[in-house]
Amino acid sequence: MEEERELTFSDILRIFKRRKWTFLIIFLLTIFLTAFYLFFVATPTYEAKQVIEYKSSSSQPSVSLGSMSSAANLLGISQPSDSGLTTEIERMKADWVLANVVKELNLVEKANENKGLIATLRGTEVTERDLIDSLKEGINIQNVQDTNMIEISYQSSDPTMAASVVSLVYSYYTDYAKNLYFEDSQSYLNQVETLFEDVSQQYDQINKEVLDFQTKNKLLASSSTSSQTFDSLISYYSETYMNILKLDADKNQLEIRKQAIENNIFKLSPETKEFILTNTEKDTPVKDIKSKLVSDRIELETLKLNSPSSPKIGALEAEITVLENELENNLEAIFSNDLNFLASIDMGTFNEYTGIITQLQLFDVTKQVYENMLQVIDDEISKSSPILYEYFLLKQQQTILQARYNTLLSALEQERMKASLYDNKFKVITSAYIPENPVSPNTTLTLAIGGVLAIFLGILGVFVKEANDKTVKDLYEFESLFGVPDIILDDSNDAEKIVNYVYKKDFKKFGLLFLGNFSVAQNLSQRIYNILNTVKPNKTEYFTSKENEDYKEKFEKFEKFKNTNEAFIMFDNFNNSDYILYRDDLEKIIIFIEEKTTNLEDIKEILKKEKDPTVVYVKKKR
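On a predicted model such as this, the values are computed, not experimentally measured, just so you know. (Residues numbered from 1 in each chain as written. Predicted model: local features only at pLDDT ≥ 70, side-chain atom pairs only at ≥ 80, totals over all residues. Heavy atoms only, no water.)

**Here we look at helix α23 (residues 600–609)**
Then, in step 1: Taken residue by residue, α23 has Leu 600, Ile 603, Lys 604 and Ile 606 as its buried positions.
Then, in step 2: Residues of α23 that are buried in the fold lie against α18 (475–482), β6 (509–515), α22 (577–582) and β9 (588–594).
Then, in step 3: By the N-cap criterion, in which a side-chain oxygen at the helix start approaches the backbone nitrogen of a residue two or three places on, α23 is capped by Asn 599, the distance to Glu 601 being 2.8 Å. (Buried < 20%, exposed > 50% of the residue type's maximum accessible area, 1.4 Å probe, protein only. Helix = DSSP H or I, 4+ residues; strand = E, 2+ residues; numbered from the N terminus. Contact = heavy atoms within 4.5 Å. Polar contact = N/O pair within 3.5 Å; in protein donor to acceptor, adjacent residues only side chain to side chain.)

This is the structure we're talking about:
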């Protein structure tokens, strides 16, 4: 007899057939609770949206000069620039913006008027800071993929409130962005104006010194060829000097970008950095090419200055172009041969990085050329005469200050024009509107989830109830655990089969042991007695076991049972003390198993104790 067995699909079907009402009740109750929550408990949530388009450098007028950025770097001042889309998205959630939204909508007063019971009992006060943080969490601002579109959205149980928050966030953001822009612009103007005033004074002073020097040394009316050459040298010197300053500013920007790539993308190992330095700074083809470029460029500039019609200029320019291409190819080859370097980055970044390195190398060449040419001019003029050299130095300062003066004046005019033509960085594509339909709860989805949950809980309820039910559920289960019973009764009134069995076996003394309901045991025992009395009037005695019976009466009844020829006794419990008293005097013990009532453990226990009982299975009335 197996005590444990694996469930088959047929077993599961039988379980669900037995427990169909359990499943249905749980299923319907879950569906009802889901619908009740959906239509009577859940608060509908509405979502308002506004779509705007980022116009990038919209605050700059169309006449803005791209060169002003490098001019600002050259002069050592920070120019207001486009802050970028990501920064603007974060500015939309700035405390200043959200604080104004909270104030305009009176959210603090409304929140304190509508506090929950617990918050009221605790005396909790909602503050402006609480609501700013809440809005910061609730407002969703995100970039529409692959576009310059931004979607601002907010959810609330009040559709009007949701639309108001979205609209006001954008409105106050535009004020906030405008204020920031004019603050930065004014700061920039203040820097430029301070520099302009200082340079203007220096420029006036140097003009006076030049004029005084010319008057004193009678250079005003000079128109000789040597004077024209002198003036062209001064002009070339000042232009070259300004080019060096601009070159340094541009080089600084490239160095910053190069460092950013190395730190944030490349994460170059010390070995790779050493490799780059070794192959670009030491005795390599790169160094030789740079050296040749410097000498050729110096020769070219000298020819342009002294012999602008020389036929050698074209040949030098062609040679310089070849050397520059050779330098770039050598640098690319150096990096391409480093497999570790290539493996750590993508090709786009690699190409950008090699381009920056090449440009920096060319900047070094150009700067060396410029510095050499300045020295050449300085030496050339110093050889002429002390007076001309002193005049050269004055004119040099005058020209440089004039360039700075004109750059600063242009910067002031440009920034003032930009401020006067200020435009918002965003264009409204879709304005916020009051939503008509809630976004949550989603009726279809919630009911679908409720249905799935109902099925799951119904199945769980069926198996839990089945697991907790320790009684014998049906004949199939009994047979699978204990074998086929000797007699099967269709219901508890089917006493004829028992009488026929006793009559056929000719049992004189037998016991009826009921593992079930006492009323069923009494009813069935009485019917058996009545039928036997009909067959053999006054011949069969019927005894009933009683707990807590007086011992004298108990033993007198036992003696009577022993001395009676034909009798049977009914036990309602196999642990009954009378069962122990009578069992050895019984020819047969008939055990009654009642469907959905008898405990499985009791069946196992009695079948272990009794060697050859007659097992009667009593079905439950349907």
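Having put the structure on the table, let's press on.
**Some thoughts on the packing of helix α5 (residues 95–104) against helix α8 (residues 128–138)**
Then, in step 1: α8 packs onto α5 with a crossing angle of 110° between their chain directions and a minimal axis gap of 9 Å. As the angle between them shows, α5 and α8 are arranged roughly perpendicular. You can see that α5 and α8 cross each other, and the crossing is right-handed. For the pair α5 and α8, the contacting residues are Asp 95, Leu 98, Ala 99, Val 101, Val 102 and Lys 103 in the first and Glu 128, Arg 129, Leu 131, Ile 132, Leu 135 and Lys 136 in the second.
Then, in step 2: Residue classes in the contact of α5 with α8 are distributed as seven nonpolar, no polar and five charged. (Axes fitted to C-alpha atoms, helices over the stretch in contact; angles between N-to-C directions. Parallel < 35°, antiparallel > 145°, perpendicular 65-115°, else oblique. Left-handed = near helix turned anticlockwise from the far one by under 90°. Nonpolar A, V, L, I, M, F, W, Y, C, P; charged D, E, K, R; others polar.)

**Focus on the pattern of salt bridges**
Then, in step 1: Taken as a whole and judged by the stated rule, the model has 29 salt bridges.
Then, in step 2: A salt bridge links Arg 19 to Glu 466, with the nearest nitrogen and oxygen atoms 2.8 Å apart. Residue Arg 19 is found in the loop between α1 (9–18) and α2 (20–41), and its partner Glu 466 is found in helix α17 (residues 443–468); the two are separated by 447 residues along the sequence. Of the two residues, Arg 19 and Glu 466, neither departs from the other in class, the shared state being buried. (Salt bridge = Lys/Arg side-chain N within 4 Å of Asp/Glu carboxyl O.)

**Considerations on the sheet that holds strand β7 (residues 541–544)**
Then, in step 1: Sheet architecture is open: six strands sit in the order β5-β10-β9-β6-β8-β7, paired in parallel fashion. Of all the strands in the sheet, just β5 (487–489) and β7 have a single pairing partner and so form its edges. Shown here is a sheet whose adjacent strand axes are inclined to one another by a mean of 20°, direction ignored.
Then, in step 2: Pairing of β9 with strand β10 (residues 614–618), which is carried by five bridges, proceeds in the parallel orientation. What sits directly across from Glu 594, in β10, is Val 618.
Then, in step 3: Lying on the sheet, α23 is in contact with β6, β9 and β10; it crosses β6 at an angle near 155°. (Pairing = 2+ DSSP bridges.)

**Overview of the sheet that holds strand β4 (residues 426–430)**
Then, in step 1: Strand order across the open sheet formed by four strands is β2-β3-β1-β4, with antiparallel pairing between neighbours. Of all the strands in the sheet, just β2 (140–143) and β4 have a single pairing partner and so form its edges. The average undirected angle you get between the axes of adjacent strands in this sheet is 25°.
Then, in step 2: In this sheet, β4 lies alongside strand β1 (residues 46–54) in antiparallel orientation, the contact comprising four bridges. Note that in β4 the partner of Tyr 54 across the bridge is Phe 426.
Then, in step 3: Against the sheet, helix α9 (residues 159–216) contacts β1, β3 (149–156) and β4, and its axis sits at roughly 25° relative to β1.

**Let's talk about the pairing of β6**
Each regular strand carries side chains that alternate between the two faces of the sheet.
Then, in step 1: Within β6, seven of the seven residues are buried, leaving the element largely enclosed by the surrounding structure.
Then, in step 2: Residue alternation in β6 divides its side chains into two sets, Lys 509, Gly 511, Leu 513 and Leu 515 and Phe 510, Leu 512 and Phe 514, and both sets are buried.
Then, in step 3: Taken together, the five bridges between β6 and strand β8 (residues 567–571) define a ladder with parallel strand orientation. Looking at the pairing, Leu 512 lines up with Met 570 of β8.
Then, in step 4: Bridge count between β6 and β9: six bridges; the pairing is parallel. Looking at the pairing, Phe 514 lines up with Phe 592 of β9.

**Re unusual backbone geometry**
Then, in step 1: The peptide bond linking Ser 440 to Pro 441 adopts the cis configuration, its omega dihedral lying at -5°.
Then, in step 2: Note that Pro 441 resides in the loop between β4 and α17.
Then, in step 3: In this structure, Asn 106 takes a positive phi of about 55° despite not being glycine.
Then, in step 4: Tracing the sequence through the fold places Asn 106 in the loop between α5 and α6 (107–113).

**Topic: the environment of Ala 567**
Then, in step 1: Inspection of the secondary structure assignment puts Ala 567 in strand β8.
Then, in step 2: Placed 38 residues apart in sequence, Ala 567 and Tyr 529 show a C-alpha to C-alpha distance of 9.4 Å.
Then, in step 3: Discounting chain neighbours no more than four positions away, the residues touching Ala 567 are Lys 508, Lys 509, Phe 510, Thr 540, Glu 541, Phe 543 and Phe 561.

**Brief notes about empty space enclosed by the protein**
Then, in step 1: For the structure shown, the criterion picks out three cavities of 30 Å³ or more.
Then, in step 2: Looking at the largest cavity, its volume works out to about 90 Å³.
Then, in step 3: Every residue lining the largest cavity is listed: Val 502, Tyr 503, Asp 506, Phe 507, Lys 508, Phe 510, Leu 532, Lys 536, Thr 540, Glu 566 and Ala 567.
Then, in step 4: Looking at the lining of the largest cavity residue by residue, the class counts come to six nonpolar, one polar and four charged. (1 Å grid on protein atoms, 1.4 Å probe; cavity = no way out; pocket = protein on both sides within 12 Å on 5 of 7 lines; lining within 4 Å. Points joined across faces, edges and corners; volume = space filled by probe spheres on them.)

**A word on the nonpolar core**
Then, in step 1: Ranked by internal contacts, the top residues of the largest apolar core, which has 35 residues, are Leu 135, Ile 139, Ile 150, Ile 152, Val 165 and Phe 426.
Then, in step 2: Secondary-structure elements contributing two or more residues to this core are β1, α4 (85–91), α5, α6, α8, β3 and α9.
Then, in step 3: Ignoring anything within four residues of it in the chain, the contact list for Ile 150 reads Gln 50, Val 51, Ile 52, Leu 85, Ile 89, Ile 141, Gln 142, Asn 143 and Phe 426.
Then, in step 4: Ranked by size, the runner-up nonpolar core spans 27 residues in total, among them Ile 244, Leu 293, Ile 298 and Leu 323. (Core = buried A, V, L, I, M, F, W, Y, C linked by side-chain atoms within 4.5 Å.)

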